[in-house]
Amino acid sequence: MRLRDGALTLTLLDYLRLTERATGTKEGCAEGDCGACTVVLRRSVGGGFVYQPVNACILLAGQADGADVITVEDLADGATLHPVQQAMVEQHGSQCGFCTPGFIMALFALYHAQRDAPLDRAAVNDWIAGNLCRCTGYRPIVDAALASCGGVATDRFATQEAEAARALAAIDGEDDVFAGSDERFFAAPASIPALAALYAKHPDAVLVGGATDVGLWITKQFHELAKIIWLGRVRGLDAIDDVADAITFGATASHEAAIPHLAAIDPDLGELMRRFAGKQIRSVGTIGGNIANGSPIGDTPPALIALGATLALQKGDVVRRIPLEDFFLAYGKQDRTASEFVRAVQVPKLKVDERFRCYKISKRFDQDISAVMGAFKVTLAGARIAAARIAFGGMAATPKRALAAEAALAGADLGDAGSWQAALAALADDFSPITDQRASADYRRDVVRALLRKALMETAGAATHRTRVVGIRETADAAAS
Amino acid sequence: MPPPPDLAEIDAPTRTVRAPTMHDSAVRHVCGTAVYVDDIREPEGMLHAAVGGATVAHGRIKRLGLDAVRAAPGVVLVLTAADIPGRNDCSPVMGDDPIFAGGVVEFRGQVLFAVVAETRDAARRAVRLAEIEIDAEPPLVTVDQALAAESRILPDYTFRKGDSAAALAAAPNRHAGTLRIGGQEHFYLEGQVALAVPGEDEMLVHSSTQHPSELQHTIARMLKLPQAAVTVEVRRMGGAFGGKETQAGQWAAIAALAARLTGRPCKLRLDRDDDMIMTGKRHDFRADYQIAFDNDGRIQGYDVCLASRCGYSADLSGSINDRAMFHADNAYYLPAATILSKRMKTHTVSNTAFRGFGGPQGMLAIERAIDAIAWTLGRDPLDVRKRNLYGNGRDMTPYGMRVTDNILPEMIDALERSSDYRARRRTVAAFNADSPLLKRGLALTPVKFGISFTNTFLNQAGALVHVYQDGTVHLNHSGTEMGQGLFIKVAQVVAEEFGIDLDRVQITATTTGKVPNTSATAASSGSDLNGMAAQAAARAIKARLTDFAAAEFDVPAEQISFRDNQVFAGNTAIPFPDLVHKAYRGQVSLSSTGFYRTPRIHWDAKTATGRPFFYFAYGAACSEVTVDITTGEMKVERIDILHDVGRSLNPAIDIGQIEGGFVQGMGWLTAEELVFDAEGRLLTHAPSTYKVPCASDVPADLRIALFDGPNREETIYRSKAVGEPPLMLAISVFAAIADALHSLSPGKSVPLNAPATPESILHSVKELARA
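Note that the structure is predicted; figures quoted are calculated from it, not measured.

1. Concerning the overall build of chain B
Check the secondary structure of chain B and you find 20 helices and 29 strands. Seen through its principal axes, chain B has C-alpha atoms that stretch 80 × 75 × 50 Å. Counting only residues that meet the buried cut, chain B has 67% of its 771 residues in that class. When contacts within chain B are restricted to residue pairs at least 6 apart in sequence, those whose partners lie at least 24 apart make up 80%. With an accessible surface of roughly 24900 Å², chain B has 50% of that area assigned to carbon and sulfur atoms.

See the structure below:
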C-alpha cells in the first residue's frame, strides 16, 4: 500500500475496511480498548520474525511500514482452518462473533510467540487482556488458546517464512521516508540525526511513537494533524542498554520490550508494566511516549521517578539530562523546548540496601487506567530507613513525589509501625487529589496511605500473599528460581 | 398444576436435538466472513449519517445553528424534526421518544439533528460545527433527586400479600436497610448500526436489532408509509443483551429518513462514545426494605420500595419495573409482603432492557435482606436461605401465582456438597482470623427466574419453512440471532423433525417480509417460542409428506417415519430428497408457516394477580472472594454453578450462556460503574473508563454443571430458557464480598452498595469501622 496525500492520518482499520473492503477486522471502540480490530504485523527482526498484535483502529496506516499485515481473512488455507481457528470452533469460543476476529489474531500472535515458560491460563489471560468479549465469559477462548498455542509453530506462515523474509527485505531500506508536502506530511526518518534535523525544520510536527494516544486524537477528537513524524523507523532510538547498575531505554523502546528488563529490577515493576495495558498497546506503545505525553496518570513515570531515573532530551545534536520528575511542570506542560525530543530514559538498578514496591489501583486489574499508582524505593540502614523516594500517579496534575512523606520517613524503624505514622500523616500535605470518574478524592487520600503502609509492611518482611490480592511476589520468585 | 410429564416422550432418543452442536456461524466467526450490518457490501451511491446531541441535560433550545454544518465539505443534507413527514417518535409504547428533539431537551446527548454526507468522516466532522444554544435548567440526575422532586415517568405500582405492616409490627426481629444498585452499559461489541435502501415506494432496512417488527412500525409511522411497504432484516447482531430491543430504532429511522429524502441508500453507525452516551442502559435502583423474621431466621414479612432511574422517557420501564417486583421474592416464600415500585423520571438517557430486565435488581435487594437476617442472628446465610425457600404449603408468590416446579432445595443441596461449602466456610473463617489485611468471603445464592413476557400477548411467534426439490430446507422464524445460539437450536429442532442432517437446513436472516408481527427476541423466550413455531411449520409439511408417502407406498401413516436422511414406509426406505421430489410432482405443498402461543398464562394488572409465567428457571452459585480491606481491591477465587436448563436443546450453547451471563452479571456488580456528574454528563462513555470484565477477572477455578431434569411444562423438547437467568448467579459474588466484610464486625450489617468497586468496598470498610 502507498500513502497518498490526504490519507496521511488514515488508520490501518479504515484502510482495511474502507479501502480494501476487507471487513473481517471489526471496529468495536476506535480507541484501542476492546481489541476487536486486532491484526498482526509481522516484522523481520534480527534474522527472525516477530508477530505483533496491534489495534488497527488507532494505528496510522503508515506505521505498518516495513511489515507484513496479516488479518483474519489470511489465516484459513482454503477450507482448512488455522489451528487457532479450529480450536476456537471446537471450544465454542464465539457467540455473537464480533470480537472473534480480534481474538483469533491475538491468538495467532500467541501461536507464533517465542516463550520461555510453558503456556498456562494466567499467561493466556495476560495475552488477551486487550481483547474484550461480552458474550462468552472468556473460559472457552482461554481453553482454545491452551489447546492450540504454546507449541512449535507449524502453520504455513512458519513454513513460508523464508519467502516472507525475502518479500519484506525487498521493501526494506535505510532511507528516510517522507510522504506529502512541507505543509502536510507523514515522515519516518531513519536515523536520529535525520529526526533531529526534520524536527528542527518542523517544530510544529507531532511526534508519534506507537500512536496509542495520538490515534485517539484522530478517531475521537478529529484533530487535523498536518505534520506527523513517526519514530518507528528511527534506528537506534529503541535501543535498550542494560548494564551493571542501570538500564537506558531509548525513547521508542516498546513496553513489551522493556518488561523483562524492568521485571529484573523488581518483580513489581514487571507486574506494573504487564497490567499497564494489553498486548496490543504494549507492542507499539513506547517508554518515551508514556513520558513525553505528560499524563498525570501514566504508569511508568511514578515508578521511574521513585527509582531515580534521568531523562535525556535531544535538540539538534545537543543532549541534556534532567531528573525525570523535573520534566513534568504542570498539567499538560513539560520541560521540553521547541524541536526537542525525548531521547532516552536511564533507570538506575536497585542497590543491595534498596527495596522497591509499586502498586496500581484501578477498577479492573488488567488494561485499565490507574485511579492511583504508587511507587516506593526505600534505602535501608539495618532496620532503619535511611532514605525514601515515593512517587504517585493520579494524585496531582502531574506524576509527583511525596516529598513531605519522604522526609518524615527518614530514620523510621521498619520494625516499629508506630514510627511510620509521621510519614503516613505527611501524605495529606503532599497531595490534594481530585474526584473524577475513576475515584473520589477521599478514596485517593485513603489509598495512598494504605499503599505506603503496605509497602513498609512488605519491606519489613510481610509475605505478599498476605498483603495483596494480585501480583503475589512469592509466585514471581518461585517462577524465577 | 401441569399435567404429569410423559416420560416416554421426554426420554425418546434424539439425533440432532440435545447434541452439543457448534454455533451455526462458528466457522464464519473465526474466519471473519460472518457479515454484520457494517460489513454489507455498500450499495453504489450510499450516504453516511451522523448525529448531533444536546449539550446540556435539561433545557429549552434557543437556537440550533446548522448553517456551518450544511456548508461543510461532503454534506448532502441536514435533518431535524421538521424534516419528518409522519410521526417524530421511536418509542416502543408511550409515544415519548422523539427521533429528533424539538423545543425541549431532556438528557445530555439527546439527538437534535443528523448530518447526511458522502463519507462517514465528513458527516461526523460536520456535526461538530453546529452552534447549539440551550436555556439550561437544573437537571434531575439521580434517583434521590427524582424522589425528592417526586418526578415520576409512570405511576407507582404495588403488589400486596397479607398484612406486611402487621407482620413487621409483631415480629420478634426486624431489620431495615437501603441498598443502592448501579446501572449497566450493554457494551455489545458491535455498536448500533443501520443501513436503509430505498426502493420504488418501499424501504428495506438492515439493522442490528432484536425487534425488526417494531422498527418496521416506527419507520412506517415516521415516513407515512403503510407497514407493508417497509421491510426490516437482520441476519445477526454482534451482541445485544437487551440493548437493541428498543434502542436500535432511532438510528434505523434516521437512516430510513435520509434514504427516503435523498433517494440514496444511507448508513448510520454510531461511534462507540456516542453509542454509550445516547442509548439506554440497565436501570439504577434504590431499594429501601424492612424485613421481619423469627428467631430461626424465617421471614414473616417483607416491605420493599424499589425506586428506579428510568431516565427521560418511559421506554420499557413499566415492564422492567414490573419484573423487578416479580423477582422481589427471588426464591423465598414471603408470608406477607408489600412490594412498591416507583418509576422515576430523570434528565438522563432513557433506561431500557438489559438481560434480566429488572429482575436482577429486585433479587439483589432480598438477597441483601436475607444476609442481614443471618448477620443479625449470627447464622450462616446459607441456612437462612434454605429455611426460606418456597416449599409445600409455602408456595404462593406475592402476585398470586403458585410455585409448583421448585427444584431449588435439591439443587442447593447438590451444590452445597459439590462446592464443599461447609468445609470452605471453616477454612474462610480460619483464614480471616489470622489475616489483618485480606479477608475471604463465601456465599451460595439461588436464582428463580420467571419465564414469559409479562405482557401476556407478546408470547407468540411465527415461522416459515420451505422444503425444496433437492430436499434442503429453508428455515425462517421470528427470532433474531445476537450470539445466543437461537438459530442453531431452532435448526436442530427442524432437522430432528424431518430426520435430516443439520447441514440440510439453511438458516436465513430474520425479516419482517417472511414472518410478520413478531415480538422482540427478548425475555429469554427465543427458543421456547420460535422452536415451537418452527416445529409446527415442519410438522405441517411432514404431515403432508407422510400422507403422500402412505398413499404412494400403500402403508398406514403410522408406519411412516423420518430419520437418517431417509423416509421409511413400512419396509421401504427412500432418501428424503427423493420423497420430496416425488411429492412435488404429486402436487403437494412443501411450504408452511408455523405459529405458537404460550398456553396457560394470564395476568390481571388491576388486581396484580395471575399466572404471568409459564414456568421458572432455577440456578444456584457459590462464590469465594478475597478482599483487600486497605484498598478495596477484590479477587474472585472460585465459582461453582449448578443451573437448570430443563433438558438442554444444546448443552454447549447453554453452558456458553451460563458462563457468559454469569461473567456479565459479575461485571455489573463489581467493576462496571456508570458515573454521571451533577450536570448529567456521563463520564464513563468509552471502554477506557467503563470497565467490563476481561479474561483475568474470571477465576481459573470455574466449575459449571447443568442440573439434569426436564421442564415440567411442555416446552420444546422439555428445555428451559437460558438467556437471562444465569446473570443473577453473580449475586453470589456480591454476597461473598459482603460476607468478607462482615468478618470485620460480626453482627453488624454490611453497607455495601453495587457495584462493589474498590472504592465502594473501602467505603463499606470505613462505615463498618465507624458504626
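Picking up where we left off.
2. Description of the interface of chain B and chain A
With 85 residues of chain B in contact, the opposing surface of chain A contributes 75 residues. Buried surface at the junction of chain B and chain A, both sides included, amounts to about 6500 Å², of which 56% is carbon and sulfur. Our count for the contact surface shared by chain B and chain A stands at 17 salt bridges. Two residues, Lys454(A) and Asp628(B), come together in a salt bridge whose shortest N-O distance is 2.5 Å. Linking chain B to chain A there are 38 residue pairs in polar contact (both at pLDDT 80 or more).

3. So, the environment of Ala64(A)
Residues and elements named next belong to chain A. Within the secondary structure layout, Ala64 lies in the loop between β2 (48-55) and β3 (68-70). Taking the relative accessible area as the measure of exposure, Ala64 reaches 6% and is therefore buried. Along the sequence, Ala64 and Arg43 sit 21 residues apart, while their C-alpha atoms lie 9.4 Å from each other.

4. Focus: helix α18 (residues 651-669) of chain B
Residues and elements named next belong to chain B. The terminal C-alpha atoms of α18, which comprises 19 residues, lie 27 Å apart, in line with the 27 Å expected from a rise of 1.5 Å per residue. Most of α18 sits inside the fold, with 17 of its 19 residues counted as buried. The N-cap of α18, judged by a side-chain oxygen 3.1 Å from the amide nitrogen of Ala652 a few residues on, is Asn650.

5. Regarding the pattern of salt bridges
Here the structure, examined in full by the defined rule, presents 100 salt bridges over all chains. As a salt-bridge pair, Asp39(B) and Lys26(A) come within 2.4 Å of each other at their nearest N and O atoms. Taken as a pair, Asp39(B) in the loop between α2 (26-31) and β1 (47-53) and Lys26(A) in the loop between α1 (12-19) and β1 (38-45) lie in two separate chains rather than in one. As far as the burial class goes, Asp39(B) and Lys26(A) line up, both buried. A network of salt bridges, in which partner residues are shared, links Arg17(A), Arg21(A), Lys26(A), Glu27(A), Asp38(B), Asp39(B), Glu42(B), Lys267(B) and Arg269(B).

6. Topic: the nonpolar core
Within the largest apolar cluster, 218 residues are counted, with the highest numbers of intra-cluster contacts made by Phe498(B), Leu545(B), Ile737(B) and Leu741(B). It is helix α16 (residues 526-553) of chain B that provides the largest number of residues to this core, a total of eleven residues. The residues touching Ile737(B), leaving out its near neighbours within four places in the chain, are Val625(B), Val627(B), Met634(B), Thr670(B), Leu752(B), Ala756(B) and Ile761(B). Counting 46 residues, the second-largest nonpolar core is a separate cluster that includes Leu237(A), Phe249(A), Ala309(A) and Val342(A).

7. As for the domain arrangement of chain B
Residue and element names in this part refer to chain B. Considered domain by domain, chain B is made up of domain 1 (47-137 + 192-269), domain 2 (285-454 + 605-770) and domain 3 (460-597). Computed over C-alpha atoms, the centres of domain 1 and domain 2 are 37 Å apart. In this complex, domain 1 contributes 18 residues to the contact, which on the side of domain 2 involves 20 residues. Buried surface at the junction of domain 1 and domain 2, summed over both partners, amounts to about 1600 Å²; 53% is from carbon and sulfur atoms. When the buried area of domain 1 at its contact with domain 2 is split by residue, Glu106, Arg108 and Phe241 rank highest and sum to 35% of it. Counting across the domain 1 and domain 2 interface gives one salt bridge. The partner of Glu106 in a salt bridge is Lys345, with the nearest N and O atoms 2.7 Å apart. Counting the contacts that link domain 1 with domain 2 gives nine residue pairs in polar contact (both at pLDDT 80 or more). Considered class by class, the residues forming the side of domain 1 that touches domain 2 number seven nonpolar, six polar and five charged.

Conventions used here
- Residues numbered from 1 in each chain as written.
- Chains lettered and ligands numbered in written order.
- Predicted model: local features only at pLDDT ≥ 70, side-chain atom pairs only at ≥ 80, totals over all residues.
- Heavy atoms only, no water.
- Helix = DSSP H or I, 4+ residues; strand = E, 2+ residues; numbered from the N terminus.
- Buried < 20%, exposed > 50% of the residue type's maximum accessible area, 1.4 Å probe, protein only.
- Contact = heavy atoms within 4.5 Å.
- Areas by Shrake-Rupley, 256 points an atom, 1.4 Å probe, with all protein chains shown as cover.
- Buried area = accessible area lost by both parts, 1.4 Å probe.
- Salt bridge = Lys/Arg side-chain N within 4 Å of Asp/Glu carboxyl O.
- Polar contact = N/O pair within 3.5 Å; in protein donor to acceptor, adjacent residues only side chain to side chain.
- Expected span 1.5 Å × (residues − 1).
- Core = buried A, V, L, I, M, F, W, Y, C linked by side-chain atoms within 4.5 Å.
- Domains from an automatic or database assignment.
- Nonpolar A, V, L, I, M, F, W, Y, C, P; charged D, E, K, R; others polar.

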